[in-house]
Amino acid sequence: PGHQNHHQAGPSTPPSSPPTQSLSVQRQLYERDFPLYKQPVEVGNFSLDSERRFFNDARQLRYYMEPEKSCPNFDLRDGYRGRFVKRDDRVKEKLDHILRWILANRSKLQSKDTAASSSPCALGVDIVTWRGHLTKLLTTPYETREGWLLAVTRMGGTLYISEVETEAARRDRENRTERHEEMMYWGYKFEQYTCADDARSLPDPGGVVNTNEAFCTVVQTRLAEHRLLFSGEVDCRDKDPKAPSPPACYIEMKTSLEISTPKQRSNFHRFKLLKWWAQSFLPGVPRIVAGFRDHDGVVVSVETYHISKISQLIKNETNCWKPTVCMNFCCEFLSFVKSVVTEDNPRVVHLFSWDPHRDVTYSIHRDSQYSFLPDWYVREMTS
Ligand code: A3P
Ligand code: MG
Ligand code: MG
């Protein structure tokens, strides 16, 4: 309120007026009815192997094996020195794996939506991105520490959204402590203790943890008027062959410090469950298996969280996050992006920028370091 060029929550701007220059992130603007979010449908999947090579199949999908005991004593430090191959996080893959998946599955995609709708958009979707980028959008109204940069390009009527590492994130990455580096391994080690390569085998805690390996689901859904296609990494699935079809059979694995005080419980609800909820709600992954560990990386208990029950779980917290605020903000951001990014050109990037306690703003870049759609993709899509 009181700001002239503000893109406010509420009825959208008529198409004739010029695009607004910024978007407010204030929570109270987004406290309204939960927007339509269609049940996400898995339209495909892909795998990345130990050398980060792309395969258009589910070869890296793993199977959850419930631990024998509720207090399993997994040592998450085991193997950090000697049985760990870490992905090189200086390499920025941008949307490349998703684009590869799109080219390999184009026929499946286009036959779906475009025939029915009169939309001029070639892929039949408005937005292509990573689930992780959408997670950041969902949590933005509650984020007080880390800002983000999102590069957006319109091509063939579809908006492609790809994250750019902020200066602050780069500094943090380059200055991680040895302790922090090791703790980042613990989450993957927990997956190794609890996941097997196929439904009839057992986990192999003696093997190598290689964080290049990934299984990714590709889902299609709709947030209000926005048709979304995004991909996200999936940790494992229910091993029961009679389990519901993807994404309902998928399970997200998490680790967290054991909760021993009311203050810790409250912080867990207010901060960690927000991130956990946003990440899994988006692709329709229904449950999280959490390993609670001590300061030495020993898992002392394992608990399951059902995504659909998390909003009930947090209702007693004062000043807590609300799913509807997350979804309405994301929806409004996508509308803002659509109104701003009108030039259909793979060489143009609108860079959307947000810092805590600020509005979302943007800058425009032509043939710059920010261009992210590779020639092999542009050529194939425009021929
Ligand atoms: P935890 O989530 O158990 O900490 P994911 O849970 O998304 O499948 O990611 C697997 C693991 O990767 C995480 O396990 C954590 O160890 C590491 N990880 C994921 N995102 C990270 C981030 N932004 N910073 C540091 N580590 C991260
Ligand atoms: Mg994962
Ligand atoms: Mg996980």
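With that out of the way, let us pick up the coordination of the magnesium ion (ligand 2). Coordination angles at a metal have ideal targets, namely 109.5 degrees for four tetrahedral donors and 90 or 180 degrees for six octahedral donors. Taken together, the protein ligands of the magnesium ion (ligand 2) are E233 (OE) and D235 (OD), with distances of 2.1 to 2.3 Å. The metal-metal distance between the magnesium ion (ligand 2) and the magnesium ion (ligand 3) comes to 3.6 Å, with D235 coordinating both. Owing to a relative accessible area of 30%, E233 belongs among the partly exposed residues under this scheme. Among the residues examined, D235 registers a relative accessible area of 3% and is labelled buried.

What follows deals with the confidence of the model for the protein chain. Scored by pLDDT, the protein chain comes out at a mean of 93, with 92% of its residues at no less than 70. Low confidence marks residues 1-11, where pLDDT is under 50. Its contacts with residues over four positions away, or in another chain, come to 24 contacts. In the predicted complex, the global pTM is 0.94; the interface-specific ipTM is 0.95.

Taken in spatial order, the six strands line up as β10-β5-β14-β15-β16-β17 in an open sheet, and their pairing is mixed. In this open sheet, the two strands that pair with only one neighbour each are β10 (195-196) and β17 (299-306). Where strand β14 (residues 236-238) lies against strand β15 (residues 250-257), two bridges are found, and the strand directions are antiparallel. Residue C236 lies in a different strand from β15, and its bridge partner there is I251. Packing against the sheet, helix α5 (residues 178-194) makes contact with β5 (63-64), β10, β15, β16 (287-293) and β17, and its axis sits at approximately 135 degrees to β15.

Turning to the packing of aromatic side chains, a few remarks are in order. Using the criterion set out here, one finds 25 aromatic pairs in the structure. With a centroid separation of 4.7 Å and 55 degrees between ring planes, the pair formed by F84 and Y185 is classed as tilted. Taken together, the residues F84 in strand β6 (residues 84-85) and Y185 in helix α5 connect sequence positions 101 residues apart. Ring centres of W148 and F333 lie 5.5 Å apart, and the angle between their planes is 80 degrees; on these two criteria the pair is classed as edge-to-face. Residue W148 is found in strand β8 (residues 148-155), and its partner F333 is found in helix α8 (residues 323-340); the two are separated by 185 residues along the sequence. Both residues of the pair, W148 and F333, belong to the buried class. Grouped by ring-pair contacts, the aromatic residues W148, F333, F336, F352, W354 and Y362 constitute a single cluster. Sitting above the plane of the F55 ring, R59 keeps its charged end 3.7 Å from the centroid. Its guanidinium or amino end placed over the ring of Y193, K189 lies 5.1 Å from that ring's centre, counting from NZ or CZ.

The rules behind the values
- Throughout, a residue's number is its position along its own chain's written sequence, starting from 1.
- Going through the entries in the order they are written, you letter the chains from A and number the ligands from 1.
- Note on the predicted model: pLDDT of at least 70 is required for a residue's local features to be given, and 80 or more for side-chain atom pairs to be given and counted; whole-chain, interface and lining totals, by contrast, use all residues.
- Only hydrogens and water are set aside; all other atoms, that is, all heavy atoms of the structure, feed into the side-chain values.
- Only nitrogen, oxygen and sulfur atoms count as donors, using a 2.8 Å cut-off from the metal that widens to 3.2 Å for Na, K and Ca. Water is left out, so coordination shells may look unfilled.
- Only protein chains enter the accessibility calculation, which uses a 1.4 Å probe; a residue whose area is less than 20% of its type maximum is buried, one above 50% is exposed, and one in between is partly exposed.
- On a range of 0 to 100, pLDDT expresses the predictor's confidence in each residue.
- Any two residues whose heavy atoms approach within 4.5 Å are treated as being in contact.
- Two strands make a pair as long as DSSP finds a minimum of two bridges between them.
- Runs of E in the DSSP output that reach at least two residues are strands. Runs of H or I that reach at least four are helices, and both are numbered from the N terminus.
- A fitted line through C-alpha atoms represents every axis, and for helices the fit uses only the stretch in contact; the resulting angles, taken between N-to-C directions, go from 0 to 180 degrees.
- Under the pairing criterion, centres of Phe, Tyr and Trp rings, with the six-membered ring standing for Trp, must be within 6.5 Å; the plane angle then separates stacked pairs below 30 degrees from edge-to-face pairs above 60, leaving the rest tilted.
- Only lysine NZ and arginine CZ atoms are considered, and such an atom sits over a ring when it is within 6 Å of the ring centre and within 35 degrees of the ring normal.

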